[in-house]
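What follows is the residue order along each chain.
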Amino acid sequence: MAAARPPTPGGPVTSAMMHLHARTSSVAGQRRKDSRTPGSGGKSRARLRSSLGMASPDSTLPALSPEAGGRPKSGASPRHVPVVRLKVVTDTDLGLAQGVQFKTMDLNSIIRLLMEDPQDDLEEKQLQCIKMMVQCYQNGFPLRDLAQIFKIMSLCTEKIEKQPSFLDPVCEILKLCRLPFLKKKTSDEITYAKEISEAVSLLGNLIKVPNSELRIQLCKCIVDFYHAEPLKKQIAGYQQVTSAYKFQMIESGGLAEILVLSWDLLQTELLEKLWLLKTLQHLSTSEVNCNLMIKAQAANKICSCLNNPDPSGQLLFRSSEILWNLLEKSSKEEIIKQLSNLECLLALKEVFKNLFTKGYRHYDRQLRNDILVITTIIAQNPGAPMIESGFTRDLILFATFNEVKSQDPLVKGLKLSNHYEDFELKKLLFNVIVVLCRDLPTVQILIEGKTVEALFTYVKKTERHKVIEWSAAQHEELQLHAIATLASVAPLLIDDYLACNGNARILMFLEWCVNEETFFSQGNSFHGTGGRGNKFAQMRYTVRLLRAMVSLGNDTVNEDLCGHGAIKQLIGILKIAVNKLKEEAIVLEIKSDILLILSGICENHSQRKETFGTEGVDIILHLMKVDPKKFQSGLGHNRLLFSTLDCLWCCILGCYTLEDYFLEKEGIFLLLDLLALNQKNFCNLILGIMVEFCDNPKTSVHVNTWRGKKDQTAANLLIKLWREEEKDLGVKRDEDGKIIDAKKPLMTSFQEEQKVIPMPASCPTTSIMEVSENIRAKIYAVLGKLDFENLPGLSAEDFVTLCVIHRYLDFKIHATHKQKDMANKSWAKFLTRTSNAKALKKAKKLQEKAIESSRTKEYPQNAIIHSTDLKGLNITVPTGEVVTVESTPVYLLGGPLADTDIALKRLPIRGGALQRVKEIKVEDKPKSYYRL
């Protein structure tokens, strides 16, 4: 931009010009202060121009009225308006106002100078040139020069060992690297990205130089990449690069991996190690860097040094932070794999034990809990040597010492406070027990630690008059957590459970849960969801615990439970839940679990079914009267109906008095109503119940009497379900429902597409799985119990389908006959080959052709090929290995009358078989050989 001509010397200096110079100097000083923030350039120049009052060259002229057309008004005294000539500010002038002018250097000449052969005065010249370079770039390195500058630093590093005077220049360059990088153009970031990435990777190699000052300076440099301060002086024509660009170059250069690989070099110097940990802590905030660090085994290396002596405490703090970042931002499975070794677990164990027993500060408690969370994650790996390291025993001891008095010196005199960190620790210890018990060898340690007894101390009503160490809300949360933990631990420790009289204590606690005693629960935490102001949360987890014990199918546990009157008590609780409680999600879950418990207790026990009684049948009938619209509510009505049907099957079927009562109360009608809803999830279960009920001769009358919507009969409903099932399975039928493929009358499209999969003999066949998975067999069984005759309400199409259903079993025996026919044909062909030479030759050729086609066509180079053909073999059936063994000579055995009781004889010293002669002749080569 051309500058206007300046005013003539000696001309009038107006007040506007004086104000302009004053504003320029003041804004220049202000700009130096503002240069700390990024984003200078065009916008800063605009702000500077605005602050100087230079928005337009005409803005200094007085405004003229529109009436005068640019002239003064009539009657006004004419006056002279001086013309102020302003100099247009160029980019260079702005740069001078903002900061300093940047001067470039010939960096290639410095590189050549450093690469020259050593001479007497060369070192001084080299150091002088580097000093000048540092002075030139004291305000930051431009991106375009960065690769050459790092090259210079690398050359200087190589000289440090023999010429220690080069250490200071390298440190000075690293200090300048801590400043923001500079770019002249926006495109510089992309243009020089590859060169800078490679240069940054060279930067990481400096950590290998055995010099403490250099290593610490390098770590400071990298840390300042994340906390760079803005430039103190703005460089003319340059802008500082954002920190995000530096992060990107660190990631692409693989700096994090290089530093981790150098971890072992810094083991002796604590200060260096702490600075490296601080650097890695900053690097681990990036997902890319975390993946690179894991590739270099960072988790293993850092964790194994957790217990190293460190008076400052930074080593443990920074190491735990790095491990946390790695777990959050990289592959958890890979980290668990790296930490699942004895060395790491021993280090974690000692750290946790020291913090647990000796830590007293708020910081110690937080760090202790963090270590426990990391340990819990490692314990999820069954291959982690938790037991071998002794960590499992210590964790169980710490989890139970407050409830079960222990004489172990590790916890003697130890007590937890009600601070939040200690409360959080208690919950984490309960959680780690659940994780540890998944490994069966832990069971013995759980028994020794009296874990079940400790957890059962929470299965009792809260007594407010007693002084407890936890607040009411904390105690409630721990109570729920302990009961949830028992649901995982108690099924593994049945003897301990019975020794603690667990069934009686659970039933007593359930009685408290349903009584009307005032209790104001807080409903805090995950376990307290839905339990605010009531006892629903306590009831939910207690019922879950009982369900876990009953699901074991242990006769001793179930017998003990029934001995305490569990069936009647559970029916009473279920009755209260059905009649008095709202249909909330937590209440529906409690109902479902109680029904499953009753199913587990009463199944295959007629006496217990009688105890279930008509009162239980009434509850089942009530629960079966469900509104179909509720299935879409998401509260759990589907699960409740499943549990109801399961309880119907296990608690009513098989007891004739209850079956008759169920029929009298029109229970079959309710079953058919549910079946008519055509809910695919329930059809199989309902039809299974129908099959069992049809063994009762009174059932057929109820089935034939039932009428659905539009006067639909049960037979019509069943046949309709058959057609829909075959349509879903892709069975081939014509428009009238007749069979199209007579050879495959029941074949589904899935079976046709499925390939032959070899299965072990213990697995059920595809045919059996097909019967169990679809409902056709059950429909056939129900209609079979109705004799397939005198079925009301059938159409012509129904009768056609009914004929197919009637022959269902015949079509299944059809498959059996087909297998027998194939076996007979195979035997006939075998007999033909034994009596007909032409047939034998033909079969032989087909066999050879099949063998040849199965062989590979390409062999590895220099491979040795052995023939597997047996010469002179005239059979066409598969053959096994042929072994030719020459019998042992008689003179070695001593003849048929020799003593052959080998177990009572000692072998000769020289070896060989038992013999009567004193010496034997041992052959060099055995004559036995194998032929394949």
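It should be emphasised that the depicted structure is a prediction, and the values quoted were computed from it without experimental measurement. All residue numbers refer to position in the chain's written sequence, counted from 1. Given that the model is predicted, a residue must reach a pLDDT of at least 70 before its local features are reported, and side-chain atom pairs must reach 80 or more before they are shown or counted; all residues, however, enter totals for whole chains, interfaces and linings. Side-chain measures here rest on the full set of heavy atoms in the structure, leaving out hydrogens and waters.

A. Summary view of the overall build of the chain. Numbering of helices and strands runs from the N terminus; a helix is a DSSP stretch of H or I covering at least four residues, while a strand is a stretch of E covering at least two. Counting secondary structure elements, the chain contains 44 helices and 6 strands. Only protein chains enter the area calculation, which uses a 1.4 Å probe; residues under 20% of their type maximum are buried, those over 50% are exposed, and those in between are partly exposed. Residues classed as buried in the chain amount to 43% of the 932 residues present. Shrake-Rupley sampling with a 1.4 Å probe provides the accessible areas, and residues are treated as covered by the protein chains on show and by no other component. Carbon and sulfur atoms make up 54% of the accessible area of the chain, which amounts to about 52600 Å² in all.

B. Region of interest: the packing of helix α5 (residues 122-136) against helix α7 (residues 167-177). Remark: α5 packs on α7, axes separated minimally by 10 Å, with the N-to-C direction vectors making an angle of 15°. Taken together, the axes of α5 and α7 are roughly parallel relative to one another. In this structure, α5 meets α7 at a crossing whose hand is left-handed. Here Leu-127, Ile-130, Met-133 and Val-134 of α5 lie close against α7, whose contacting residues are Pro-169, Glu-172, Ile-173 and Leu-176. The residue inventory of the contact of α5 with α7, partitioned by class, reads 7 nonpolar, no polar and 1 charged. Fitted lines through C-alpha atoms give the axes, limited to the stretch in contact for helices. The angle between two N-to-C directions lies from 0 to 180 degrees. Roughly parallel covers angles under 35 degrees, roughly antiparallel covers those over 145, roughly perpendicular covers 65 to 115, and oblique covers all other angles. Crossing handedness follows the turn of the near helix against the far one: under a right angle anticlockwise gives a left-handed crossing, and clockwise gives a right-handed one. The contact rule is simple, with two residues in contact once any of their heavy atoms fall within 4.5 Å. Ten residue types, Ala, Val, Leu, Ile, Met, Phe, Trp, Tyr, Cys and Pro, are classed as nonpolar, four, Asp, Glu, Lys and Arg, as charged, and the remainder, Gly among them, as polar.

C. Structural context of the packing of aromatic side chains. Whether two aromatic rings pair depends on their centres lying within 6.5 Å, for rings of Phe, Tyr and Trp, where Trp uses its six-membered ring; planes under 30 degrees apart make the pair stacked, over 60 edge-to-face, and the rest tilted. On inspection of all chains with the given rule, the structure shows 20 aromatic pairs. Here the aromatic rings of Phe-181 and Phe-225 are separated by 5.9 Å at their centres, their planes lie at 80°, and the arrangement is edge-to-face. With Phe-181 in the loop between α7 and β2 (182-183) and Phe-225 in helix α10 (residues 212-226), this residue pair connects regions lying 44 residues apart in the sequence. The same class applies to Phe-181 and to Phe-225, which are both buried. In this structure an aromatic cluster arises from ring pairing among Phe-352, Phe-356, Phe-391, Phe-398 and Phe-401. Across the ring face of Phe-166, the terminal group of Lys-159 is positioned such that the distance to the ring centre comes to 5.9 Å. Its end group placed over the ring of Trp-722, Arg-776 keeps NZ or CZ at 6.0 Å from the ring centre. Think of it as a cone above the ring: NZ of Lys or CZ of Arg counts as a charge over the ring if it is within 6 Å of the ring centre and within 35 degrees of the ring normal.

D. Region of interest: the packing of helix α34 (residues 667-676) against helix α35 (residues 680-693). The interhelical angle for the contact between α34 and α35, taken along N-to-C directions, is 150°, at an axis separation of 10 Å. Judged by the angle between their axes, α34 and α35 are roughly antiparallel. Viewed along their axes, α34 and α35 form a crossing whose handedness is left-handed. Residue-level inspection shows Ile-668, Leu-671, Leu-672, Leu-674 and Leu-675 of α34 in contact with α35, the latter providing Cys-683, Ile-686, Leu-687, Ile-689, Met-690 and Phe-693.

E. Layout of the confidence of the model for the chain. pLDDT expresses, on a scale from 0 to 100, how confident the predictor is about each individual residue. Chain-level pLDDT for the chain is 80 on average; 79% of the residues reach the 70-or-more range. Contacts from residues 1-97, a stretch scored under 50 in pLDDT, to residues over four places away or in other chains number 64 contacts.

F. Structural view of helix α29 (residues 566-579). To estimate the expected span of a helix, count its residues, drop one, and scale the result by 1.5 Å. Here α29 contains 14 residues, and its C-alpha end-to-end distance of 20 Å stays within 8% of the 20 Å for a straight helix at 1.5 Å per residue. Every buried residue of α29 is accounted for by Ala-566, Ile-567, Gln-569, Leu-570, Ile-571, Ile-573, Leu-574, Ala-577 and Val-578. For α29, the secondary structure elements touched by its buried residues are α26 (502-514), α27 (536-550), α28 (555-563), α30 (585-602) and α31 (606-624).

G. Examining the pattern of salt bridges more closely. Basic side-chain nitrogens of Lys or Arg form a salt bridge, by our definition, when they fall within 4 Å of a carboxyl oxygen of Asp or Glu. If you walk through the whole model with that rule in mind, you get 29 salt bridges. Here Lys-353 makes a salt bridge to Glu-350, at a shortest N to O gap of 3.5 Å. With a gap of 3 residues between them, Lys-353 and Glu-350 both fall in helix α18 (residues 342-358), about one helical turn apart. For Lys-353, a relative accessible area of 18% translates into the label buried. On the basis of relative accessibility, which here comes to 26%, the residue Glu-350 falls in the partly exposed class. A salt bridge links Glu-559 to Arg-608; its shortest N-O distance comes to 2.8 Å. In this pair, Glu-559 is assigned in helix α28 and Arg-608 in helix α31, connecting sequence segments 49 residues apart. Accessibility expressed as a relative area gives 9% for Arg-608, which makes it buried.

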